[in-house]
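Here is how the chains run, residue by residue.
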2 protein chains.
Amino acid sequence: MARQIPGHEQPVGTTRTLDPGSAGGPVKRTVLPGGLRVITEQVPGVRSATVGLWVGVGSRDERPAVAGAAHYLEHLLFKGTGRRDATTIAEEVDAVGGELNAFTAKEHTCYYAQVIDEDLPVAIDLVTDVVFAARCTDADVETERSVVLEEIAMRDDDPEDLLHETFVEQVMGGHALGRPVLGNQQSIRHMSGRALRGFYRTRYVPHRMVLAVAGNVTHGAVLRLVRKALGGRLDGDTAPMAPRAGRARPRRTRSLQLCSDDTEQAHLMLGMPAPGRHDERRYALGVLNAALGGGMSSRLFQEVRERRGLAYQVYSSVAAYADSGHLSVYAGCQPDRLGEVTDVVAGVLADVAADGLGDAELARAKGQLRGALVLGMEETAARMTRLGKNELNHGRYLSVDDNVARIDAVTGADVAELARTLLRRPGGVTSGVVVGPYAHDEDLPDELHEVIA
Amino acid sequence: MARQIPGHEQPVGTTRTLDPGSAGGPVKRTVLPGGLRVITEQVPGVRSATVGLWVGVGSRDERPAVAGAAHYLEHLLFKGTGRRDATTIAEEVDAVGGELNAFTAKEHTCYYAQVIDEDLPVAIDLVTDVVFAARCTDADVETERSVVLEEIAMRDDDPEDLLHETFVEQVMGGHALGRPVLGNQQSIRHMSGRALRGFYRTRYVPHRMVLAVAGNVTHGAVLRLVRKALGGRLDGDTAPMAPRAGRARPRRTRSLQLCSDDTEQAHLMLGMPAPGRHDERRYALGVLNAALGGGMSSRLFQEVRERRGLAYQVYSSVAAYADSGHLSVYAGCQPDRLGEVTDVVAGVLADVAADGLGDAELARAKGQLRGALVLGMEETAARMTRLGKNELNHGRYLSVDDNVARIDAVTGADVAELARTLLRRPGGVTSGVVVGPYAHDEDLPDELHEVIA
């Protein structure tokens, strides 16, 4: 099962094999000076490699005044380093036909490059250069400010994105986890170069980072390239940072929020707080989510789309942070059918809260999660992500087989108990958001007010 | 190089090896009775398989009165067959953790399933069942009518999707290629079950179809499963249909269209007709597109985003149909900067029209296309798509190495000549569309009127 190897139990400079290759190639881990962890998976049969440098910093680490700093910084790091300007960075990666990009989330930021295997040196050199040696000049901060503002505007023009951000704000209450990763117009307009450089200096330290590589690579070659790129910057015997804990307590108040927008569809999200990633119920939560709204045979898809044709898109999803999370249901429908859709969704939730899942349904939900795990192994980017997230979030390696075993161990009783806790009516649904063509709260259908009440 | 094996030169029931495994596993092709082509690629090192049944029918085959029929039918085929109702179809694929879905385009429709390798029999049985034995009852037509209308509404709520559809309508003039794949509210409201069943009966015939499979499979096993699933339905010595030709002649009139919408950003698309897929200039077009707006080092990204911070998203793209196509540029920006963005974009196009590309730029654009091709080989779904599209569109197999050789053969002079033809100013840009918060055409900036004039 899971091999837990906390950083302080593995001496700096040594390498351990986390998996001899049970579901692909061997997985190895080395702790370098400064506490930088390097984890690789040598994948047989591919001609490519994906390199990801994970930093354990995200929007939940921001004070409200600098909301969006982690993401703004992510932009800034591509604007130039001591050795390269922005154009050179872009030219080098395009010349080898690679992809160089990054994403910022609530609890981490990841810089990655996907390349043909022979271009691994380019990928490692570029990713480490932007993360360790960005200049972050005031001129770059100014140019990038308007780009980030455009990104916020684009997000607001997408009803589903706007809905999702507003929902998370509602369900996570006043906690930093509830704030949008992008920040807001005001915080971005006022962000100073000094604040961003301070955030960079204090947060981007080797013991908060994991370099994960998957593809046609060897662990030794990756280590040599990392040492060559970063040798002078890695120093000391700092232990890698332990997985994030956190003590978020989402308020359990209820809220129904309307974002008036002149859209064709009404976009609805309903949901509630749910267990975080260190909660043992997270596998049961995955199974419950799959059965509720994870696939075409799920209750929501069948009841809302297949039987009644009320929506094109309807699904449920979960998010798990260190200490908290949420479960939500999305549906997009004609504005005059929002009441009916709400009723059908609430009915599905109430049924599962009362009776749990049937045996065939439980088996199907597990099969679905199992299949998604195995199919996700095709891409080196997905494997790299597994390596990085497992290390950063759990401080250990969980193979696909480990995960499948944990999913298989979930019982109907586990799911039924979790469903009773989360979905009971009244009270289960704590947060609702609508983006759609309604002027006032009172224009929203009664069914919606009732389900949140 | 490319191995051209027109169906009528390969006797029904025989198998040919198109590629012994130069860039992956062996590729084999068999023509079955009725003219159904089966093409497989045995991919080493993966635990999965993707099955795609391609039908050479799309929205360009519709009369205006039944606009959207091909896509509507795609929905309908999942509603039930002689052996399965919609719920059973969904349950069977979810139980094995697979993905079963379909997409409709202007010239083809593809039904596909991605599964763990051991579930290949389920994938082939499901895909062939829905494509060959759908019931298409009037009750199903009614339920699915509202789902398709929701899909249209959702498309209209996404500014970039709306922009793109409107642009294609403009640039393709009155031709069927210009009509949206989804149809329109009116055509969908009036579509009869009888019309859809007629479309299904006459268009969904084996000699228009290609079954493509990539993954941990053997050609023999796939043939056995297809014969088992379809044996009784495959009959006669009809030759496979030749690749689509077509004689679309996009009008070269100019148009600037505004879709007034209360969005945060102005969304802009500018473009012109371009060579189709049977035109020998298509590789030069790919290189030109990559250099213009394909990556981070492209002229548009550098000038619009990197230097001036005017947009978060800016890119160019090409579409190639049998007999025509288009090249377009997208940018999303603040409404009051639309004039400036238009000017910068027009300047980039004029520069390339006048001077072509530099040597380093040409090499980089080729490197980018080469990398994307190789990286695209990671996924069995991408390999399956290559097999299906090559056969349907070109009647032959082009390996990744073949493609790379053709890209490498493009000269600076080829690109310069194409750029002069397409991008010259005035006259190059024939079509422009804006989605944004402007009430009237006259509110659009002068720069925009000038670039189309």
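Please read all numbers here as calculations on a predicted model, not as lab measurements.

Scoring rules and cut-offs
- Residues numbered from 1 in each chain as written.
- Chains lettered and ligands numbered in written order.
- Predicted model: local features only at pLDDT ≥ 70, side-chain atom pairs only at ≥ 80, totals over all residues.
- Helix = DSSP H or I, 4+ residues; strand = E, 2+ residues; numbered from the N terminus.
- Expected span 1.5 Å × (residues − 1).
- Buried ≥ 20, exposed ≤ 12 C-beta atoms within 10 Å, placed from the backbone.
- Core = buried A, V, L, I, M, F, W, Y, C linked by C-beta atoms within 7 Å.
- Contact = placed C-beta atoms within 7 Å.
- UniProt positions renumbered as here; feature names shortened; annotations may be inferred.
- Least-squares fit on C-alpha atoms with pLDDT ≥ 70 in both.
- Nonpolar A, V, L, I, M, F, W, Y, C, P; charged D, E, K, R; others polar.
- Domains from an automatic or database assignment.
- Pairing = 2+ DSSP bridges.
- Axes fitted to C-alpha atoms, helices over the stretch in contact; angles between N-to-C directions.
- pLDDT = per-residue confidence, 0-100.
- Parallel < 35°, antiparallel > 145°, perpendicular 65-115°, else oblique.
- Left-handed = near helix turned anticlockwise from the far one by under 90°.

Caption draft 1: A look at helix H9 (residues 282-293) of chain B. Taking 1.5 Å as the rise per residue, H9(B) with twelve residues should run 16 Å; its terminal C-alpha atoms sit 16 Å apart, in good agreement. Three or more residues of H9(B) are buried, namely Tyr283(B), Ala284(B), Leu285(B), Gly286(B), Val287(B), Leu288(B), Asn289(B), Ala290(B), Ala291(B), Leu292(B) and Gly293(B).

Caption draft 2: Structural detail: the nonpolar core. By size, the foremost hydrophobic cluster in this structure holds 144 residues, and its most contacted members are Val287(A), Val304(A), Ala331(A), Val341(A), Val345(A), Ala123(B) and Val127(B). The element best represented in this core is helix H3 (residues 120-133) of chain B, accounting for nine residues. If near-sequence neighbours (up to four positions away) are discounted, Val127(B) is found in contact with Val51(B), Leu53(B), Tyr111(B), Tyr112(B) and Ala113(B). Leu36(A), Val43(A), Leu182(A) and Val168(B) belong to the second-largest nonpolar core, a separate cluster that totals 143 residues.

Caption draft 3: Up close: the UniProt feature "domain: Peptidase M16 N-terminal" (unreviewed entry) in chain A. UniProt records the feature "domain: Peptidase M16 N-terminal" (unreviewed entry) at residues 37-183 of chain A, using the numbering of this structure. The span residues 37-183 of chain A is 44% helical and 19% strand by assignment, and the distance between its end C-alpha atoms comes to 29 Å.

Caption draft 4: Broad picture of the relation of the copies chain B and chain A. When chain B is fitted onto chain A, the two copies agree to an RMSD of 0.0 Å after a turn of 180° and an axial shift of 0.0 Å. Seen this way, the second copy is the image of the first under a two-fold rotation axis. Considering only C-alpha atoms, the residue of chain B closest to the rotation axis is Gly45(B), which sits at 2.5 Å. Comparing contact sets, 100% of the residues at the interface of chain B also lie at the interface in chain A, consistent with an isologous, same-surface contact.

Caption draft 5: Representation of the interface of chain B and chain A within the structure. Contact with chain B, which involves 59 residues of that partner, is made by 59 residues of chain A. Mapped by element, the contributors of at least two residues to the side of chain B that touches chain A are helix H2 (86-95), strand S7 (109-116), helix H4 (138-157), helix H10 (299-307), strand S12 (325-333) and helix H12 (359-375) of chain B. Of the residues in the side of chain B that touches chain A, the class split is 22 nonpolar, 20 polar and 17 charged.

Caption draft 6: Spatial organisation of the domain arrangement of chain A. All names here are of chain A. You can read the domains of chain A as domain 1 (15-233) and domain 2 (255-452). Taking the mean C-alpha position of each, domain 1 and domain 2 sit 28 Å from one another. In this assembly, 38 residues from domain 1 lie in contact with 33 residues from domain 2. Of the residues that constitute the side of domain 1 that touches domain 2, the class distribution is 20 nonpolar, twelve polar and six charged.

Caption draft 7: Inspection of the pairing of strand S8 (residues 209-215) of chain B at higher detail. All names here are of chain B. When you tally the buried positions in S8, you get seven out of seven residues, the bulk of the element. Residues Met209, Leu211, Val213 and Gly215 of S8 are buried on one face, and the alternating residues Val210, Ala212 and Ala214, pointing to the opposite face, are buried as well. Here strand S4 (residues 37-42) pairs with S8 via six bridges, running parallel. For Ile39, the partnering residue across the bridge sits in S8 and is Ala212. Across seven bridges, the pairing between strand S5 (residues 48-55) and S8 is antiparallel. Bridged to Ala49 within S8 is Gly215.

Caption draft 8: Representation of unusual backbone geometry. Even without being glycine, Cys136(A) reaches a positive phi, approximately 55°. Along the chain, the position of Cys136(A) falls in the loop between helix H3 (120-133) and helix H4 (138-157).

Caption draft 9: Just the pairing of strand S11 (residues 314-320) of chain B, in detail. Residues and elements named next belong to chain B. As paired elements, S11 and S12 share seven bridges and run antiparallel to each other. Counted as the bridge partner of Ala319 is His326 from S12. Between the antiparallel neighbours S11 and S12 lie four residues.

Caption draft 10: Looking closely at the sheet that holds strand S14 (residues 431-436) of chain B. All names here are of chain B. With respect to topology, five strands assemble into an open sheet ordered S9-S14-S10-S12-S11, the strand pairing being mixed. The two strands at the open ends of the sheet, each matched to only one other strand, are strand S9 (255-260) and S11. Across this sheet, the average inter-strand angle for adjacent strands is 15°, counted without regard to direction.

Caption draft 11: Layout of the confidence of the model for chain A. For chain A, the mean per-residue pLDDT works out to 94, and 97% of the residues sit at or above 70. Here the complex is predicted with pTM 0.94, and the ipTM for its interfaces comes to 0.91.

Caption draft 12: Structural detail: the sheet that holds strand S5 (residues 48-55) of chain A. Residue and element names in this part refer to chain A. Spatially, S2-S3-S4-S8-S5-S7-S6 is the arrangement adopted by the seven strands of the open sheet, whose pairing is mixed. Whereas interior strands pair on both sides, the edge strands pair on one side only; in this sheet they are strand S2 (15-19) and strand S6 (99-104). Between one strand and the next, the sheet's axes are offset by a mean angle of 15°, whatever the strand orientation. Sheet topology note: the strand S3 (residues 27-31)/strand S4 (residues 37-42) ladder contains five bridges and is antiparallel. Residue pairing for S4: Val27 is matched across the bridge by Glu41. Those strands touched by helix H8 (residues 219-230) are S2, S3, S4 and strand S8 (209-215), and its axis lies near 145° from that of S4. Lying over the sheet, helix H13 (residues 380-394) contacts S4, S5, strand S7 (109-116) and S8, oriented at roughly 150° with respect to S8.

Caption draft 13: The arrangement of the packing of helix H11 (residues 338-355) of chain A against helix H15 (residues 412-423) of chain A in detail. Residue and element names in this part refer to chain A. With their axes 7 Å apart at the nearest point, H11 and H15 run at an angle of 135° to one another. It follows that H11 is oblique to H15 by the angle criterion. The interaxial crossing formed by H11 with H15 has left-handed handedness. For the pair formed by H11 and H15, the contact residues are Leu349, Val352 and Ala353 on the first element and Ala419, Arg420 and Leu423 on the second. For the contact of H11 with H15, a count of residues per class yields five nonpolar, no polar and one charged.

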